[in-house]
Amino acid sequence: MDDQTRLEVEAAAFRRLVAHLQSRSDVQNIDLMNLAGFCRNCLSKWYRAAADERGHAIDLEQARELVYGMPYEQWKAQHQTGPKLELPPKDGG
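Below or above, wherever it landed, is the structure these notes cover. A quick note: this is a predicted structure, and the numbers were derived from the prediction, not measured.

## Some remarks on the pattern of salt bridges
Here is step 1 of the chain: Evaluated as defined, the whole model comprises 5 salt bridges.
Here is step 2 of the chain: Residue arginine 6 is joined to glutamate 10 by a salt bridge in which the shortest nitrogen-to-oxygen separation is 3.1 Å. Linking arginine 6 with glutamate 10, this pair stays in helix 1 (residues 3-23), spanning 4 residues, or about one helical turn.
Here is step 3 of the chain: The class of arginine 6 is partly exposed, set by a relative accessible area of 39%.
Here is step 4 of the chain: Classification of glutamate 10 as partly exposed rests on a relative accessible area of 41%.
Here is step 5 of the chain: Between arginine 64 and glutamate 61 there is a salt bridge, and its shortest N-O distance comes to 3.1 Å. A residue pair is termed a helical-turn pair when its members lie 3 or 4 positions apart in one helix, as arginine 64 and glutamate 61 do in helix 4 (residues 60-68) at 3 residues.
Here is step 6 of the chain: The class for arginine 64 is buried, based on a relative accessible area of 13%.
Here is step 7 of the chain: When its relative accessible area of 40% is taken as the criterion, glutamate 61 is described as partly exposed.

Right, here's the structure in full:
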C-alpha cells in the first residue's frame with residue numbers, strides 16, 4: 001500500500017470510529033475508559049495535538065465538537081448519565 005492510500009484508509013477508519021461513537025451515545029466515556037483505556041475526550045485531545053503538530057491550531061472545544069458531533073456541554077446535558085462527581089468547595093467547607 002502506498003503512503004497516500006494508507007493515509008486515505010486511516011482517515012476513513014477515523015471517520016468511521018467517530019461516526020460510531022456519535023451513534024452510541026448510550027456508551028458513557030467512563031465505560032470506554034474502563035474497557036478500552038481511552039474515551040471521546042482522549043480522541044478529541046489526540047485530534048487537537050495532531051492538528052497542532054501540523055501547524056493548524058484548534059482549541060479543545062472545536063476538537064470535541066468534531067468528535068461528539070455537537071458542542072460538548074450539549075452532549076453532556078443530553079447523554080451523560082450516572083453519578084456526577086461533586087468536588088468539595090475549595091475553601092474546605
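## Section: the packing of aromatic side chains
Here is step 1 of the chain: The full count for this structure, using the stated rule, is 4 aromatic pairs.
Here is step 2 of the chain: The positively charged end of arginine 64 is found above the aromatic ring belonging to tyrosine 72, 3.9 Å away from the centroid.

## Some details on the packing of helix 1 against helix 3 (residues 40-53)
Here is step 1 of the chain: Two elements in contact, helix 1 and helix 3, have axes whose closest approach is 12 Å; the angle formed by their N-to-C orientations is 145°. Considering the relative orientation of helix 1 and helix 3, their crossing is left-handed. Each of Phe14, Leu17, Val18 and Leu21 in helix 1 lies in contact with helix 3, whose residues at this interface are Arg40, Leu43 and Tyr47.
Here is step 2 of the chain: Within the contact of helix 1 with helix 3, the residues separate by chemical class into 6 nonpolar, no polar and 1 charged.

## A closer look at the nonpolar core
Here is step 1 of the chain: Judged by nonpolar contacts, Val18, Leu21, Leu32, Phe38, Cys39, Cys42, Leu43 and Val67 together constitute the single largest core of 8 residues.
Here is step 2 of the chain: Of all the elements in the fold, those that place two or more residues in this core are helix 1 and helix 3.

Definitions and limits used
Residues numbered from 1 in each chain as written. Predicted model: local features only at pLDDT ≥ 70, side-chain atom pairs only at ≥ 80, totals over all residues. Heavy atoms only, no water. Salt bridge = Lys/Arg side-chain N within 4 Å of Asp/Glu carboxyl O. Helix = DSSP H or I, 4+ residues; strand = E, 2+ residues; numbered from the N terminus. Buried < 20%, exposed > 50% of the residue type's maximum accessible area, 1.4 Å probe, protein only. Phe/Tyr/Trp six-rings, centres within 6.5 Å; stacked < 30°, edge-to-face > 60°. Lys NZ or Arg CZ within 6 Å of the ring centre and 35° of its normal. Axes fitted to C-alpha atoms, helices over the stretch in contact; angles between N-to-C directions. Left-handed = near helix turned anticlockwise from the far one by under 90°. Contact = heavy atoms within 4.5 Å. Nonpolar A, V, L, I, M, F, W, Y, C, P; charged D, E, K, R; others polar. Core = buried A, V, L, I, M, F, W, Y, C linked by side-chain atoms within 4.5 Å.

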